[in-house]
Amino acid sequence: MVEVAVIGLRWLQYSGAVVLLGAPLFLLYSFRGSDGPDHSWARPTLIVAALLVALGAFAALVAQTAVMAGSLTEAIKPASLSFMVSGTALGMAMVARAAVALLGLVMIVAMRPGRALWRLTVAAGLVVAASFAWTGHGAATEGPGGLLHLVADILHAVAAALWLGALAALTILLSRRAGPNDIAVHRALHGFAGLGTLAVVLLVLTGLVNSWFLVGPSRVASLGANAYGQLLIAKLVLFALMLALAAGNRFRLTPGLGSALSGGQDPRPALQQLRRGVVAETLVGAVLLAAVAVMGTLAPPSAM
């Protein structure tokens, strides 16, 4: 039961982290000055994301301590928690992650929504995303390739946040009736193509590096023989599905909205189609994060 809680809390932290980094970066990248729709949704969304990371990290610290100590009763003892925080990289990373998320929460609550706040939130999101690599498989590689694997793991986490966090922001934008801001929303969708392409390229390249260290060329043929390999295959299938959905949104649905706007037609049907496409892509991304949360608790083929 505690092991299931660890996985669930990892998923909650991942979800909060991608929004904390990707959503404000999307706002910075897509809208300039007063060009853009109402951003009143951004503050409560980022508050929820920061709380998910902070509370999830603290709860995960207790859950992970329970796994190591053997029971929840032992886990909540100060001595057990103190050892976890001071004696393990995992505990230190969780505390650092929670502290950065809480700092981000204070900034989000105290500062006026705008580009200055978005930049600071992106910085906090970068630290939070990198902290997962600190305690992940990438940090466990020893020898001359250790630094390369760690850097690749950090970039992989950041690239995932760029894509999934922007998708979360797009889902919220398209769920609201944009009205006079339909054109600005269309420009944001069109402009997201560059950021999305960068995220995909980084994910592919860093994914290949990670797979080299965690699986290795000699084990590819037997990848489905263990739970980690099976989840990796599922993750690749989900990633391919996200790419297919993203291609449809970019090359068919977004131009369709542009044609409706430029031709003076009612944009609501095109917006509804786009909304369904983006929501579907976001949901697949959430399932993919769940697969990653489980994979983080399993030993990769290279460790067997």
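Attention in this report is confined to the structure presented alongside it. (Residues numbered from 1 in each chain as written. Predicted model: local features only at pLDDT ≥ 70, side-chain atom pairs only at ≥ 80, totals over all residues. Heavy atoms only, no water.)

**Description of a nonpolar patch on the surface**
A surface patch of nonpolar side chains, amounting to about 350 Å² of accessible area, comprises Val 201, Val 204, Leu 205 and Leu 208. When you line up the elements, Leu 208 lands in helix H8 (residues 182-214). In this structure Leu 208 comes out as exposed when scored by relative accessible area, which is 56%. (Patch = residues over 30% accessible without salt bridge, like charges linked within 9 Å, V, L, I, M, F, W, Y side chains within 5 Å. Areas by Shrake-Rupley, 256 points an atom, 1.4 Å probe, with all protein chains shown as cover. Salt bridge = Lys/Arg side-chain N within 4 Å of Asp/Glu carboxyl O. Helix = DSSP H or I, 4+ residues; strand = E, 2+ residues; numbered from the N terminus. Buried < 20%, exposed > 50% of the residue type's maximum accessible area, 1.4 Å probe, protein only.)

**Observations concerning the packing of aromatic side chains**
Overall, the coordinates contain 2 aromatic pairs when judged by the stated rule. With a centroid separation of 4.8 Å and an interplanar angle of 65°, the aromatic rings of Tyr 14 and Phe 132 are classed as edge-to-face. Residue Tyr 14 is located in helix H1 (residues 2-30), and its partner Phe 132 is located in helix H6 (residues 115-134); the two are separated by 118 residues in the primary sequence. You'll find Tyr 14 and Phe 132 in the same group, each marked buried. Here the aromatic rings of Trp 163 and Phe 239 are separated by 5.9 Å at their centres, their planes lie at 80°, and the arrangement is edge-to-face. Of the two residues, Trp 163 sits in helix H7 (residues 146-175) while Phe 239 sits in helix H9 (residues 227-262), which places them 76 residues apart along the sequence. Take Phe 239: its relative accessible area is 18%, and that puts it in the buried class. Taking NZ or CZ as reference, Arg 97 lies 4.0 Å from the ring centre of Phe 132, over its face. (Phe/Tyr/Trp six-rings, centres within 6.5 Å; stacked < 30°, edge-to-face > 60°. Lys NZ or Arg CZ within 6 Å of the ring centre and 35° of its normal.)

**Brief notes about empty space enclosed by the protein**
This structure, assessed with the given rule, holds 2 cavities of 30 Å³ or more. Its boundaries defined by the atoms lining it, the largest cavity holds a volume of some 100 Å³. Surrounding the largest cavity, Val 6, Arg 10, Gln 13, Tyr 14, Ala 60, Gln 64, Leu 90, Met 94, Arg 97, Phe 132 and Thr 135 form its lining. The set of elements that each furnish at least two residues to the lining of the largest cavity consists of H1, helix H2 (42-69) and helix H5 (89-110). (1 Å grid on protein atoms, 1.4 Å probe; cavity = no way out; pocket = protein on both sides within 12 Å on 5 of 7 lines; lining within 4 Å. Points joined across faces, edges and corners; volume = space filled by probe spheres on them.)

**A short note on the environment of Val 151**
Considering the arrangement of structural elements, one finds Val 151 in helix H7. Take Val 151: its relative accessible area is 39%, and that puts it in the partly exposed class. Sequence separation between Val 151 and Val 209 is 58 residues, and the spatial gap between their C-alpha atoms is 9.9 Å.

**Section: the packing of H1 against H7**
Describing two packed helices takes the angle between their axes plus the distance from one axis to the other. At their nearest, the axes of H1 and H7 sit 6 Å apart, and the two run at 70° to each other. Between H1 and H7, the interaxial angle falls into the category roughly perpendicular. Along this stretch, H1 crosses H7, giving a crossing that reads as right-handed. Residues Ala 17, Val 18, Val 19, Leu 21, Gly 22, Ala 23, Leu 25 and Phe 26 of H1 pack against Val 158, Ala 160, Ala 161, Leu 162, Leu 164, Gly 165, Ala 166, Ala 168, Ala 169, Leu 170 and Leu 173 of H7. When its residues are assigned to classes, the contact of H1 with H7 shows 17 nonpolar, 2 polar and no charged. (Axes fitted to C-alpha atoms, helices over the stretch in contact; angles between N-to-C directions. Parallel < 35°, antiparallel > 145°, perpendicular 65-115°, else oblique. Left-handed = near helix turned anticlockwise from the far one by under 90°. Contact = heavy atoms within 4.5 Å. Nonpolar A, V, L, I, M, F, W, Y, C, P; charged D, E, K, R; others polar.)

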